[in-house]
Amino acid sequence: MLNQTHGTIKVFAGNASKELALAICQRLDLELGKMEAGRFSDGEIAVNIKETVRGCDVFIVQSTNTPVNENLMELLVIIDALKRASAGRITAVIPYFGYARQDRKARARDPISAKLVADILQTAGANRVLTMDLHSSQLQGFFDIPVDNLRGMPVLARHFMKQGINDDNFIVVSPDVGSVARSRSMAAKFNAPLAIIDKRRPKANVMEVMNVIGDVKDKVCLMMDDMIDTAGTICQGAKALVDNGAKRVVACCSHAVLSGPAIERLQASPLDKIVVLDTIELPPEKRIDKIEIISVADLFAEAIERVYTDLPVSKLYE
């Protein structure tokens, strides 16, 4: 049971993350906060906080996945409602942070939407953000409030260790150059070699494999990325590995965005299994046999407890 020595703690859930919020509350031995987040007939978001939050340390669990703008706006309205109800401190727990990929100007006249979202969250009244595997960790610098960016890799690594996937023929594969640091950390956990897929992206959501750097012949390959969106990168990477003699290919990621043709591509791919974290709640039609879901409720529960009791969150990165 959580030792409530710092005043009252309350956890609320937006509509995008109710399952994860309930699991977090079970770990903390707390009741989920009573709140309704619905819609008026014209589509405007209506929020009703059904219990007092005055002076409380409040955590709102809400991923900003599809529908991104709906979920983001709902989070903002909930934060505003809590601020106006005199909550003591408001932490936005955003397991999947939408707009994180728009973190720089790739072309002339591009917006930096991730910075805009950071500004809006602070203006709404968030005092802290707790998230996982931002697309680029530098995004934390867009905020003028504390940001804790938890890592999903250790959760995935523990899962694969329990599965006994590691042997002399095991290799970790980075699906692109941008994921090398993340994949190298996973490889270090298993003392395994690292391979890299060299790819070219001629336009958005289109990927061409150019080369596989490393020996994957007769190897069990674990491909790791922060997210799987349209699944083009993972599926073409898996095909390239099989074409280069890989014995088996497994993929894992923190965020199962799975938009557009992702499910069809994964079904048709040579991937044996795709292990994902529950930062995004998958609807039934996306919970195919190839996909295995691992919960991050324990990690977020411990992070919330540490924030609430003013203990260092850095221990969770070790």
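This structure is a prediction, so every number in the text was calculated from the model and none was measured.

So, how was this worked out
- Every residue gets a number counted from 1 within its own chain, in the order that chain's sequence is written.
- Totals for whole chains, interfaces and linings use all residues, but because this is a predicted model, local features are given only for residues with pLDDT of at least 70 and pairs of side-chain atoms are given and counted only at 80 or more.
- To get the side-chain values, all heavy atoms of the structure are used, and hydrogens and water are removed first.
- Structural elements are reduced to axes, namely lines fitted to C-alpha atoms, with helices fitted over the stretch in contact, and the angle between N-to-C directions of any two is expressed from 0 to 180 degrees.
- The numbering of helices and of strands both runs from the N terminus, where a helix is a DSSP run of H or I of at least 4 residues and a strand a run of E of at least 2.
- Helix crossings get a hand from a simple test, with the near helix turned counterclockwise from the far one by less than a right angle marking a left-handed crossing and a clockwise turn marking a right-handed one.
- Note on contacts: a residue pair is in contact if any heavy atoms of the two residues lie within 4.5 Å.
- Residue type decides the class: Asp, Glu, Lys and Arg count as charged, Ala, Val, Leu, Ile, Met, Phe, Trp, Tyr, Cys and Pro as nonpolar, and the leftover types, Gly among them, as polar.
- Here a strand pair is declared whenever DSSP counts at least two bridges between the two strands.
- Working definition of a nonpolar core: buried Ala, Val, Leu, Ile, Met, Phe, Trp, Tyr and Cys residues. They are joined through side-chain atoms within 4.5 Å.
- Think of it in three bands: with a 1.4 Å probe and only protein chains considered, a residue is buried below 20% of the maximum accessible area for its type, exposed above 50%, and partly exposed in between.

Enquirer: Would you mind showing me how to read the packing of helix α4 (residues 153-163) against helix α5 (residues 180-190) here?
Expert: Packed helix pairs are specified by the crossing angle of their axes together with the interaxial distance, meaning the distance between the axes. Direction vectors running N to C along α4 and α5 enclose 35°, while the axes themselves pass 10 Å from each other. In this structure, α4 crosses over α5, and the sense of that crossing is right-handed. When α4 is examined against α5, the residues Met153, Leu156, Ala157, Phe160 and Met161 are found in contact with a partner set consisting of Arg182, Ser185, Met186, Lys189 and Phe190. Broken down by class, the residue content of the contact of α4 with α5 amounts to seven nonpolar, one polar and two charged.

Enquirer: For this particular structure, what's the right way to read the sheet that holds strand β1 (residues 9-13)?
Expert: By definition, the strands of a sheet pair up through backbone hydrogen bonds, in either a parallel or an antiparallel sense. Pairing is parallel in the open sheet, where five strands are placed in the order β1-β4-β5-β6-β7. Only two strands of the sheet have a single partner each, and these edge strands are β1 and β7 (147-150). Put simply, the sheet's adjacent strands are angled 15° from each other on average, direction ignored. Across four bridges, strand β5 (residues 89-94) lies against strand β6 (residues 128-132) in parallel orientation. Across the sheet, Thr91 pairs through a bridge with Arg128, a residue of β6.

Enquirer: How should I be thinking about the nonpolar core in this particular structure?
Expert: Inside soluble globular proteins, nonpolar side chains tend to come together where they are buried. Grouped together as the largest cluster of nonpolar side chains are 47 residues, with contacts concentrated most on Ile24, Leu150, Phe160 and Met186. Looking at which element gives the most residues to this core, the answer is helix α8 (residues 297-308), with eight residues. When sequence neighbours within four positions are dropped, the list of residues in contact with Leu150 reads Leu130, Thr131, Met132, Asp133, Leu299, Phe300, Ala303, Val313, Leu316 and Tyr317.

Enquirer: Honestly, the pairing of strand β4 (residues 57-61) in this entry has me stumped. Any pointers?
Expert: Strand residues, when the strand is regular, have side chains that alternate between the two faces of the sheet. Burial of β4 is extensive: five of the five residues sit out of reach of the surface. Burial along β4 is two-sided: the residues Asp57, Phe59 and Val61 and Val58 and Ile60 are all buried. Looking at chain direction, β1 and β4 are connected through five bridges and run parallel. Bridging from a neighbouring strand, Phe12 pairs with Ile60 of β4. Of the strand pairs in this sheet, β4 and β5 are connected by five bridges, and their pairing is parallel. When the sheet's bridge partners are listed, Val58 is paired in β5 with Ile90.

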